[in-house]
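Here's the letter readout for the chains.
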Amino acid sequence: MKYQLISFKTCPWVQRAAIALREKNATFDFTHIEPNNRPDWFLAISPHKKVPVLRLDDTISLFESNAIAEYVDETIAPRLAPEDPVQRAINRAWTDYIPTFASQVTGAAYAKTEEDYTAAIAKIDEPFGRLEGALEKQGSGPYFNGARYALVDAGYAPFLQRYLYLDGIRKIGKLKKYPRLQAWANALIARPSTHSFPPAEFEQMYREQIRGRGVHLSQFIEARAAAAE
Ligand SMILES: N[C@@H](CCC(=O)N[C@@H](CS)C(=O)NCC(=O)O)C(=O)O
């Protein structure tokens, strides 16, 4: 099977699909397109005009990162979803929470004013607390279910990584209150499959994106040229 993953370079949902493919050691072609210049061939295969799209043998186009990750998991061994149906249901329930987690934990990246930024930061404790509770129930780590990496880990990794990037731009300091979540984030960052680009290069790309967004955090990011001097 030939896999082509259509992407915006810094998209966390693409990253989730790429992680699933890397966890399976599947070879795939990465096709990066520009958010502001989406080609017609892409618009024709992406119902919501969003990335990721996974093309199969240049004929079938799958969309939605969770559907793609599940497809990859169902068709390429070894299985990442837990075998036990109860655990699989718990994993799926927490996977369904990812969009809420994402918007609450990385909302600061879109806050226009200092006031908006402060309000966005105040929203982080709730999802962090909920995940800390889930991790306590699940086991001893380092991954969501314990020693065995699962699909749910692939879904959270991009957003925990972005929280750490935001924390590096302007100190937020929330993660240390949630030791299990912190250990999980560290384990996910240390896992090679998390990374589509060399980590330092990718962090720089993320910072550049926020700088260019003209949001509250932009002022805390030095321009690339200035940083290199
Ligand atoms: N629920 C979708 C979200 C994908 C998504 O929001 N992708 C963003 C880029 S990170 C996108 O394509 N945005 C373009 C748009 O909304 O028009 C998934 O999980 O795949």
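Residues numbered from 1 in each chain as written. Predicted model: local features only at pLDDT ≥ 70, side-chain atom pairs only at ≥ 80, totals over all residues.

Asks: In this structure, what is going on with the packing of helix 4 (residues 85–96) against helix 8 (residues 151–169)? I would like to understand it.
Replies: Helix packing for two helices is described by the angle between their axes and how far apart those axes are. With their axes 9 Å apart at the nearest point, helix 4 and helix 8 run at an angle of 20° to one another. Judged by the angle between their axes, helix 4 and helix 8 are roughly parallel. The hand of the helix 4/helix 8 crossing is left-handed. Seen from helix 4, the contacting residues are Asn91, Trp94 and Thr95; seen from helix 8, they are Leu151, Val152 and Gly155. Its residues assigned to classes, the contact of helix 4 with helix 8 comprises 3 nonpolar, 3 polar and no charged. (Axes fitted to C-alpha atoms, helices over the stretch in contact; angles between N-to-C directions. Helix = DSSP H or I, 4+ residues; strand = E, 2+ residues; numbered from the N terminus. Parallel < 35°, antiparallel > 145°, perpendicular 65-115°, else oblique. Left-handed = near helix turned anticlockwise from the far one by under 90°. Contact = placed C-beta atoms within 7 Å. Nonpolar A, V, L, I, M, F, W, Y, C, P; charged D, E, K, R; others polar.)

Asks: Even after reading the chapter, I still don't get the site of the ligand, so can you show me in this structure?
Replies: Taken together, Phe8, Cys11, Trp13, Lys49, Lys50, Val51, Pro52, Glu64, Ser65 and Asn66 make up the full set of residues near the ligand. Residues that form the shell around the ligand fall into these classes: 5 nonpolar, 2 polar and 3 charged. (Near = placed C-beta within 6 Å.)

Asks: Would you mind going over the pairing of strand 1 (residues 3–7) with me for this structure?
Replies: As a general feature of sheets, a regular strand has side chains that alternate between the two faces. The buried fraction of strand 1 is high, at 4 of 5 residues. Looking at chain direction, strand 1 and strand 2 (residues 28–32) are connected through 5 bridges and run parallel. Paired with Gln4 across the two strands is Asp29, which belongs to strand 2. For strand 1 and strand 3 (residues 53–56), the ladder comprises 4 bridges, and the chain directions are antiparallel. From the neighbouring strand, Gln4 faces strand 3, where its bridge partner is Arg55. (Buried ≥ 20, exposed ≤ 12 C-beta atoms within 10 Å, placed from the backbone. Pairing = 2+ DSSP bridges.)

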